[in-house]
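# Summary of the model geometry
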Amino acid sequence: MQFAALGLLLLMGGLAIAGPAGLLAWSENLRLLDQRNSQIAVLEEQRAALKNRVALLDPNNADPDLVGELLRGNLNFVHPDEVVIALEPQPE
C-alpha cells in the first residue's frame, strides 16, 4: 500500500515538472502565447483595413476613387478620353 502511494506521488510530481502543463512547458507556452498575440495583431490590422474598404464601398455613399480603381482593375474599364499604354514586363 505504501509503495503504491509513493509511486502515485512520484508520478504526480513527475507530471507537475515534465508534463504537458508542467514547469518545463511554461517557457514553450509563453513563446506560443507571444506568437499568437503577434498573429492576432496582424489579423486585427487586416480586419481594420477590410472594414475600411467595405465602408468605402457602401452602395449609398461609395467612394468614387475606389469604384474607379476597381472598375479599371477588375473589369478593364476605361473612359473614352483615356489612353491605355501596354507595358511589357521587365525581365528579372
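Residues numbered from 1 in each chain as written. Predicted model: local features only at pLDDT ≥ 70, side-chain atom pairs only at ≥ 80, totals over all residues. Heavy atoms only, no water.

## Quick notes on the overall build of the chain
Test applied: Elements are defined by DSSP. Helices are runs of H or I of four residues or more, strands are runs of E of two residues or more, and each kind is numbered from the N terminus. The atom set for the radius of gyration is the C-alpha atoms, and the globule formula is 2.2 Å times the number of residues raised to the power 0.38. When a residue's accessible area, from a 1.4 Å probe over protein chains only, is under 20% of the maximum for its type it is buried; when over 50% it is exposed; and in between it is partly exposed. To be clear on the numbers: accessible area is Shrake-Rupley with a 1.4 Å probe, and residue cover counts the displayed protein chains and nothing else. Only four residue types enter the tally: Lys and Arg on the positive side, Asp and Glu on the negative side, with His and both chain ends excluded. Charged groups are reduced to one reference atom each: NZ for lysine, CZ for arginine, CG for aspartic acid, CD for glutamic acid.
What the chain contains, in helices and strands, is three helices and zero strands. In sequence order, the chain lays out its α and β elements as α-α-α. Its C-alpha radius of gyration of 30 Å places the chain more than 25% over the 12 Å reference for a compact globule of 92 residues. For the C-alpha atoms alone, the extent of the chain along its principal axes is close to 95 × 45 × 20 Å. For the chain, the residues scored as buried account for 5% of the 92 residues in total. If you sum the accessible surface of the chain, you get close to 8,700 Å²; carbon and sulfur atoms cover 64% of it. Across the chain, the 6 positively charged side chains and the 12 negatively charged ones have centroids separated by 11 Å.

## Regarding unusual backbone geometry
The phi torsion at N76 lies on the positive side, around 55°, for a residue other than glycine. The residue N76 is located in the segment after α3 (64-75) in this model.

## Here's the deal with the confidence of the model for the chain
In regions of low pLDDT, the predicted coordinates are not meant to be interpreted in detail. Spelled out, the test is: For every residue, the pLDDT score states the predictor's confidence, bounded by 0 at the bottom and 100 at the top.
Here the chain averages 84 in pLDDT, while 99% of its residues score no lower than 70. Ranking the elements of the chain by mean pLDDT puts helix α1 (residues 2-18) last with 77 and helix α2 (residues 26-56) first with 92.

## With respect to the pattern of salt bridges
To keep it simple, the criterion reads: Any carboxyl oxygen of Asp or Glu within 4 Å of a side-chain nitrogen of Lys or Arg constitutes a salt bridge here.
Counting across every chain of the model gives two salt bridges. With a closest N to O distance of 2.6 Å, R31 and E28 form a salt bridge. Remark: E28 and R31 occur in helix α2; sequence separation between them is three residues, near one turn of the helix. Its relative accessible area of 46% is what places R31 among the partly exposed residues. What makes E28 partly exposed here is its relative accessible area of 37%. A salt bridge links E82 to R72; its shortest N-O distance comes to 2.6 Å. One end of the pair, E82, is in the segment after α3; the other, R72, is in helix α3, and 10 residues separate them in sequence.

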